[in-house]
Amino acid sequence: MRDVTTAQPLDVQPTPLALLLLGREADPKSERGVECPGDLPSPSDPDLVARARAAKEKLGDKVFVLGHHYQRDEVIQFADVTGDSFKLARDAAAKPEAEYIVFCGVHFMAESADILTGDDQKVVLPDLAAGCSMADMATAEQVAECWDVLTEAGIAEQVVPVSYMNSSADIKAFTGKHGGTICTSSNAEKALNWAFEQGEKVLFLPDQHLGRNTAVRDLGLSPDDCVLYNPHKPNGGLTVKQLRDAKMILWRGHCSVHGRFSLESVEDVRARIPGVNVLVHPECKHEVVAAADHVGSTEYIIKALEAAPAGSKWAIGTELNLVRRLANRFAAEDKEIVFLDKTVCFCSTMNRIDLPHLVWTLESLAEGNLVNQIQVDRETEAFAKLALERMLALP
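Residues numbered from 1 in each chain as written. Predicted model: local features only at pLDDT ≥ 70, side-chain atom pairs only at ≥ 80, totals over all residues. Heavy atoms only, no water.

What follows deals with the sheet that holds strand 3 (residues 100–104). Strand pairing within a sheet occurs via backbone hydrogen bonds; the two strands may be parallel or antiparallel. Read from one edge of the open sheet, five strands run 2-1-3-4-14, paired in mixed fashion. Looking at which strands have only one partner, the edges of the open sheet turn out to be strand 2 (81–83) and strand 14 (373–374). Two strands pair when backbone bridges link them, and strand 3 and strand 4 (residues 122–124) are joined in this way by three bridges, in the parallel orientation. In the strand pairing of strand 4, Ile-101 is matched with Val-123. Against the sheet, helix 15 (residues 355–366) contacts strand 1 (63–68), strand 3 and strand 4, and its axis sits at roughly 175° relative to strand 3. (Pairing = 2+ DSSP bridges. Helix = DSSP H or I, 4+ residues; strand = E, 2+ residues; numbered from the N terminus. Contact = heavy atoms within 4.5 Å. Axes fitted to C-alpha atoms, helices over the stretch in contact; angles between N-to-C directions.)

This is how it looks when you write it as structure tokens:
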């Protein structure tokens, strides 16, 4: 037996991967935006707010800053408009005089803005690493392979793709190319009704929960009418019979924030706050949506709280930055607003857009240096725009 008391220490050198996992190294090739072509201001710089203000004033009408509802307060204060992803993309398209569109959101949102704005406008994302885990759960290659599976099953001609706004430009283009439409969490019911008028089945990308909740809760389909396609399994983990029998083929994707809420979260908050109204986003799991009092998009949540009577109590199942902002906003009206889950959960990728990145972006643009431009190639843009236009034409 080896004498552990006298054994010499092993000469083990950590691999680059181990260092990366330990957080001691970075991989610029795999982490978009880790390196910026210039130094970011220090996050402790007390002059950040003044610097952002000065750069924005210098740019004047040349810049238009969009702020998604899930952004930090320190960033949202500089937004010319706030809203959800589609509203912001449309707002950008309605501002043709702005040379620079600075999108304080995530990558797929900036892509949508580039698709909808003019060729002479430049869309900028302050941190290229601000992605979306849900959007990344469906790649163009995976979706093309899925379509091959549907073709081999003999049902592709019956299937109409419907893709959530929270998807990459490539997925939007695939949707447009195959006769489908885009939807938001506000108009998903209209989009599905339209799709079922065009075909017998729907391939819903990439959020399974919004697809399932809309199909079952709003359209009255059975959960048994839905199957879950897993891109990491052969044939999506489904038999040909399952695909042929299904009405809704749901992609195995989800929002990392909304997916955290559970039935236990709902039961716990009801026990802690008698008379509370539970209001959740439709990206939450089906059992959470079924147990809630109200379900709706980000804009719906805001409007519901605006209309709520004084003294009412609300538990909100959506991103924490927005919930906290709404709680502060309506505190004076004696509306009690709490986060649905006990565990604090920000959207980590949304939070990559911080004040140092925004200051660096605005100052770079003010100095004539274009940084972090988001550009969608012409062919992808054409088919993605087709899918978006179908959505805009929905009744």
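Moving on from the coordinates now.
Another aspect to go through is the sheet that holds strand 11 (residues 294–295). Read across the open sheet, the four strands follow the order 11-10-12-13; overall the sheet is parallel. Looking at strand neighbours, the two that pair on one side only are strand 11 and strand 13 (336–339), the edges of this open sheet. As paired elements, strand 10 (residues 277–280) and strand 11 share two bridges and run parallel to each other. Among the inter-strand pairings, Val-280 is bridged to a residue of strand 11, identified as Val-295. Against the sheet, helix 14 (residues 320–330) engages strand 12 (313–317) and strand 13, with an angle of about 165° to strand 13.

Within helix 5 (residues 107–116), ten of the ten residues are buried, which leaves it mostly tucked inside the rest of the structure. Restricting attention to buried positions, one finds in helix 5 the residues His-107, Phe-108, Met-109, Ala-110, Glu-111, Ser-112, Ala-113, Asp-114, Ile-115 and Leu-116. (Buried < 20%, exposed > 50% of the residue type's maximum accessible area, 1.4 Å probe, protein only.)

Okay, a negative patch on the surface next. Among the surface-exposed residues, Glu-141, Asp-170, Asp-377 and Glu-379 lie close enough to one another that they form a single negatively charged patch. When you line up the elements, Glu-141 lands in helix 6 (residues 140–152). (Patch = residues over 30% accessible without salt bridge, like charges linked within 9 Å, V, L, I, M, F, W, Y side chains within 5 Å. Areas by Shrake-Rupley, 256 points an atom, 1.4 Å probe, with all protein chains shown as cover. Salt bridge = Lys/Arg side-chain N within 4 Å of Asp/Glu carboxyl O. Lys, Arg positive; Asp, Glu negative; His and termini not counted. Charge placed at Lys NZ, Arg CZ, Asp CG, Glu CD.)

Close contact between helix 13 (residues 298–307) and helix 14 brings their axes to 11 Å; oriented N to C, the two are set at 20°. As summarised for this structure, helix 13 and helix 14 are arranged roughly parallel, according to the angle between their axes. In terms of crossing hand, the pair formed by helix 13 and helix 14 is right-handed. Every residue of helix 14 that contacts helix 13 at Thr-298, Ile-301, Ile-302, Leu-305 and Glu-306 is listed here: Leu-322, Leu-326, Arg-329 and Phe-330. Taken together, the residues of the contact of helix 13 with helix 14 break down into six nonpolar, one polar and two charged. (Parallel < 35°, antiparallel > 145°, perpendicular 65-115°, else oblique. Left-handed = near helix turned anticlockwise from the far one by under 90°. Nonpolar A, V, L, I, M, F, W, Y, C, P; charged D, E, K, R; others polar.)

Let's shift gears to the packing of helix 2 (residues 48–59) against helix 15. For the pair helix 2 and helix 15, the least separation of the axes is 9 Å and the interaxial angle reads 30°. As far as their axial angle goes, helix 15 and helix 2 are roughly parallel. In this structure, helix 2 meets helix 15 at a crossing whose hand is left-handed. Contact with helix 2, carried on its side by Leu-48, Val-49, Arg-51, Ala-52, Ala-55, Lys-56, Lys-58 and Leu-59, involves Leu-355, Pro-356, Val-359, Leu-362, Glu-363, Leu-365 and Ala-366 of helix 15 and no other residues of that element.

A separate point is the packing of aromatic side chains. Scanning the entire structure with this criterion turns up three aromatic pairs. With centroids separated by 5.6 Å and ring planes inclined at 80°, the aromatic side chains of Trp-147 and Phe-174 adopt a geometry described as edge-to-face. Linking Trp-147 in helix 6 with Phe-174 in helix 7 (residues 169–177), this pair joins segments that are 27 residues apart in sequence. No difference in accessibility class separates Trp-147 from Phe-174, as the two residues are buried. Taking 5.3 Å as the distance between ring centres and 25° as the angle between the ring planes, the aromatic pair formed by Tyr-229 and Trp-251 counts as stacked. Of this pair, Tyr-229 sits in strand 8 (residues 226–229) while Trp-251 sits in strand 9 (residues 248–251), and the two are 22 residues apart along the sequence. Judged by relative accessible area, which is 0%, Trp-251 ranks as buried. (Phe/Tyr/Trp six-rings, centres within 6.5 Å; stacked < 30°, edge-to-face > 60°.)

Let us now look at the environment of Ile-249. Following the sequence through the fold, Ile-249 ends up in strand 9. Given a relative accessible area of 0%, Ile-249 falls into the buried group. Between the C-alpha atoms of Ile-249 and Cys-226, which are 23 residues apart in sequence, the distance is 5.9 Å. Beyond its immediate sequence surroundings of up to four residues, Ile-249 is in contact with Leu-150, Ile-155, Val-159, Val-202, Leu-203, Phe-204, Val-227, Tyr-229 and Leu-243.

Here four bridges tie strand 10 to strand 12, and the two strands are oriented parallel to one another. Its bridge partner being in strand 12, Asn-277 is matched across the sheet by Trp-314. In this view, the connection linking strand 10 to its parallel neighbour strand 11 by way of helix 12 (residues 286–291) has right-handed handedness. (Right-handed = clockwise from strand over helix to strand, strands pointing away.)

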